[in-house]
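# Results of the structural survey
Chain by chain, the residues run as shown.
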Amino acid sequence: MTEAEADELVGRATDLDRLAELLRSGGAILRGPAGIGKSAVLRHAASAATGRIVSVEGNEASGAVPFGPFAPLLGASGPDGTDPLAVASAIHDRLTGAALLTVDDAHRLDAASAGIVHRIAAEGVPLLLAVRSGEALPPAIESLWTRGVLTMHDVEPLGPAEVGLYIASRLGGPVDPGLARALHRASGGVPLYARELLRAALERGTVRRHRGIWVLHGRLTAGGSLASVLRNQLHAQPPGVRRAVDCLALTEPIELALLSPLVSEAELDRAEREGLVRIDDTGDVLLARLGHPLYRDVALEELTPARRRRVADLLLRSVDEFRIPVDPTLLAAWRLERADTRPPQEWLQAARQVTPTDLPLAEAFMRAAVSSDGGPEALLSLAGLLTHQHRLEEAGEVFDELAAIPVPPGTRIMIASVEAFLLAMPGQRPKQALALVEQTTVAHGASPELESARALALWRSGQVEAAIPIGRTVAQDPTASIAARASAALTTCSAEIYALRFAESEFGLDLALMDSLVAQALVELPEAPRSAALVRASRVAMPVTDLDAGLRIAASGAQEALVAGDDGVRAQFSMLNGWMLALAGDISAALEQLNGAHAGRGVWMPTTLPWLRATLVRVLSAAGRAGEAHELLDELEAAPRAGLYELDTVLARAAVLEAEGDVPGAITTLRAATASGRSGGNRLRSDELWLRRLRLGDDGAASEVHRRYGRREGSVSAAIAAHAAAVRSGDRIAISLGVGALASSRMLWDACEAQADLIRRHRAVGDDTSATVAVERLATLVAATRGLAVQSVLQELRPALTRREREIARLAASLPDLAIAERLGISVRTVQTHLTRVYRKLRVSGRADLAGHADAWPELHDRV
């Protein structure tokens, strides 16, 4: 199988199974567009047949000559071609006894060859034919389908999941779902196009590996031979067809009623026949789309600014003349192309609509609003977009421009509140935000908008408890603007999650108020519903009240954001999902999620980047990748970060120390943080500090862990509290039960560490029997994980071989039993007895497996 065929067969298992079934009842016709992989599927399906297989192919050259496709069967000894009946008889003789006849590109068969195929089918020879969609079939071939001799099987485009498998197969590594979805959209699920797009992207560097996962940086565009083929096809079209393609390249889909006045019916029919345009019936309207997404890139490359303006003008004139209702965002995009002068509010509304999915277009709309004398509102919107992309220097220039504009006190308060929000959230500078709020309050007086920004800045600076009453007061203030109230409600609920204030009835009321205010603030805060969804997911996922429920919510949120094209929100959900996967012991899957999130480019990425980096450092450390973890920790500590993430940074620093073998240093780091008393009410992370101390063997933390987790809700917290109580009592049986509770709640990472601690306790009191049993249990727990390589766990998987057993095992790796017995002065039976024990302890099957352990003696690790 060629590389191309292997690519084209990814995701085709269902097709192959169906064809195997159809072959038992006479055969099938495979139908699909060019590049879909019909030929590879046909050849692979045929290869499974037994007996003599005859394969022919229709093409333009052979199809012009009667019986041309069968000429290779006849060879030089066949009839000279002057007698068609003799040729047909000779071909029939060659086909007699065949177990299967395959015909690729059967739509190109000449009439005589199609007749031969029809006759062979009538004689009961199974057939597999491949034809291109939209092409007329020779009558003899079409009748095989219409009479039911052969079944038509459509080879469909691949879905996003199959395209992801294809990329992973080609690149040999995990693939970010965003890349898979982008390639699926750009290729239309056609394997040939996917392969060429990926090749071009690799050459340009727009697809690259980021911390072990393949991600997309930029756009996928056709290049090389593929672009040349598509370009030539466009150049061969008449003006009307090209005009239709240009219109759809600028914006698609377009209602057919809008396109029809610009293109004749004959030209539209031609565009459809050649696959350049397709018409979809939604039930309400007919929508015109490009036949394939790649035509857009090729057409746009040749659209000069002047031509783009002309195309936009054509569309806008059609809208005006025929009074066709069009989405306002499309109208704004065309007007932007035509360099129209429009009210700034129109540009800003369009910018809000496209911000989650198209940042460059959103920025273009905002700059158009600024140019249209949009004033402070337009400048604020632009500054916000720039800040969210961490283009802080450019955003600062916009704020400097705002500061120079004389405005009323109310407007100055609005500007300051927005700037404070941006400083505290994506800017990672909440202390500066607090200073700005205070300065503006002194200069212009207090306002709900400033107090909403103050609550946010307090929470982001790590003063969690102080933020809650201020945020709640603003959220409940009916005189405040809806934007200030909704923002304050989101801040209040987020802070309550960090403060673990779930047991109080106030949280439920705050959550209900948040939902109500967010629903009212869709115009002022279009991103608020996504923020509210993240808050609700964080309510379950961050305290990990229910691991299974948290995983479902986070995975669902990430998938919805992926479908919506919102890379920033997808990264947030992927981060939650990745951390919970790590807790469940699936370190490999966790790293895929976290690395994919870290490579994200969405509008909200800078807001939680320190948290994401800290989480990734901890999981890399758990995977035994201390070097990578240390490198990322350096990035984390060198970059600006809000005070809210200081405890996350402490946890990351301790994880790296542990992974590098400095467990005492890790404990010292954690103790210093817990002793400082400067958590600011961030119970979520301060609880984790105490728990990490316990997991590293600091028994002095057991009572505090029991107290803290004992008052939290959920089965996970109950298991942690039960284990901590057992450690506090020193009862090894109770500790063992505690480990079981952790495992039952699916906290496998914790369970492995707790079991390793139990082994150390058994060994400390000389209870070798219990230690041996505990090692077996730890091996079982570790085997249930993927990629877990915590050093404190692996060290306890060292089998308890006696000195004699180690000596004999080392010799047995290269010597027979008799030689060992003679060297050590013992009997062969004694050697064999010791080796049996060694095999059992190491869980190996014989001598061949011992060689891999020899270098590790006496520090021998079990192969789990």
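All values reported here derive from a predicted model rather than from experimental measurement.

### As for the overall build of the chain
On a plain count of helices and strands, the chain comes out with 47 helices and ten strands. When the 864 residues of the chain are sorted by exposure, 54% land in the buried category. Considering only intrachain contacts with a sequence separation of at least 6, the fraction spanning at least 24 residues in the chain is 65%. Accessible area for the chain stands at about 36,200 Å²; split by element, carbon and sulfur atoms hold 53% of it. For the chain, the centre of its 93 positive side-chain charges and the centre of its 106 negative side-chain charges are spaced 5 Å apart.

### Brief notes about the sheet that holds strand E3 (residues 100-104)
Backbone-to-backbone hydrogen bonds pair the strands of a sheet. The strands run either parallel or antiparallel. Read across the sheet, five strands follow the order E2-E3-E4-E1-E5 without closing on themselves; strand pairing throughout is parallel. The open sheet terminates on both sides in strands that have one partner only, identified here as strand E2 (53-57) and strand E5 (151-154). Across the sheet, the mean angle separating the axes of adjacent strands is 20° when strand polarity is ignored. Inspection of the sheet shows E2 paired to E3 by five bridges, in the parallel sense. Following the sheet pairing, Glu57 is matched in E3 by Asp104. Contacts from helix H2 (residues 13-23) reach strand E1 (27-32), E3, strand E4 (127-132) and E5 within the one sheet, and its direction differs from that of E5 by about 175°.

### What to know about the pairing of strand E10 (residues 286-290)
Remark: a regular strand shows side chains that alternate across the two faces of the sheet. In this sheet, E10 lies alongside strand E8 (residues 254-255) in antiparallel orientation, the contact comprising two bridges. Its bridge partner being in E10, Glu255 is matched across the sheet by Leu287. Relative to E10, strand E9 (residues 277-281) runs antiparallel, the two sharing five bridges. Across the sheet, Asp280 pairs through a bridge with Leu287, a residue of E10. Counted along the chain from E9 to the antiparallel partner E10, the turn is four residues long, and its residue Gly283 has a positive phi close to 100°.

### Regarding the nonpolar core
Grouped together as the largest cluster of nonpolar side chains are 127 residues, with contacts concentrated most on Trp459, Tyr498, Met514, Ile587, Val705 and Trp749. Excluding residues within four positions of it along the chain, Trp749 makes contact with Trp579, Ala582, Leu583, Gly585, Ile587, Arg618, Ala622, Leu788 and Val790. In this structure, Ala194, Leu220, Val241 and Cys247 belong to the second largest nonpolar core, which totals 76 residues.

### Side note on the side chain of Glu688
Considering the arrangement of structural elements, one finds Glu688 in helix H37 (residues 683-695). Taking the relative accessible area as the measure of exposure, Glu688 reaches 12% and is therefore buried. When sequence neighbours within four positions are dropped, the list of residues in contact with Glu688 reads Trp579, Arg618, Leu651 and Tyr709.

### As for the pattern of salt bridges
For the structure on display, the rule yields 59 salt bridges. Residue Arg242 pairs with Asp246 through a salt bridge whose shortest N-O separation is 3.4 Å. Highlighted residues: Arg242 and Asp246, both in helix H13 (residues 239-250), separated by four residues, approximately one helical turn. In this pair, the class of Arg242 matches that of Asp246, namely buried. In this structure, Arg472 and Glu496 form a salt bridge, with 2.8 Å as the shortest nitrogen-oxygen distance. Taken together, the residues span a long stretch of sequence, with Arg472 in helix H26 (residues 464-475) and Glu496 in helix H27 (residues 482-499) at a distance of 24 residues.

### Describing the environment of Gln476
Tracing the sequence through the fold places Gln476 in the loop between H26 and H27. Since its relative accessible area comes to 48%, Gln476 is described here as partly exposed. As a C-alpha pair, Gln476 and Ala489 span 13 residues in sequence and 8.5 Å in three-dimensional space. Other than its neighbours up to four places away in sequence, Gln476 contacts Arg485 and Leu513.

Calculation rules
Residues numbered from 1 in each chain as written. Predicted model: local features only at pLDDT ≥ 70, side-chain atom pairs only at ≥ 80, totals over all residues. Heavy atoms only, no water. Helix = DSSP H or I, 4+ residues; strand = E, 2+ residues; numbered from the N terminus. Buried < 20%, exposed > 50% of the residue type's maximum accessible area, 1.4 Å probe, protein only. Contact = heavy atoms within 4.5 Å. Areas by Shrake-Rupley, 256 points an atom, 1.4 Å probe, with all protein chains shown as cover. Lys, Arg positive; Asp, Glu negative; His and termini not counted. Charge placed at Lys NZ, Arg CZ, Asp CG, Glu CD. Pairing = 2+ DSSP bridges. Axes fitted to C-alpha atoms, helices over the stretch in contact; angles between N-to-C directions. Core = buried A, V, L, I, M, F, W, Y, C linked by side-chain atoms within 4.5 Å. Salt bridge = Lys/Arg side-chain N within 4 Å of Asp/Glu carboxyl O.

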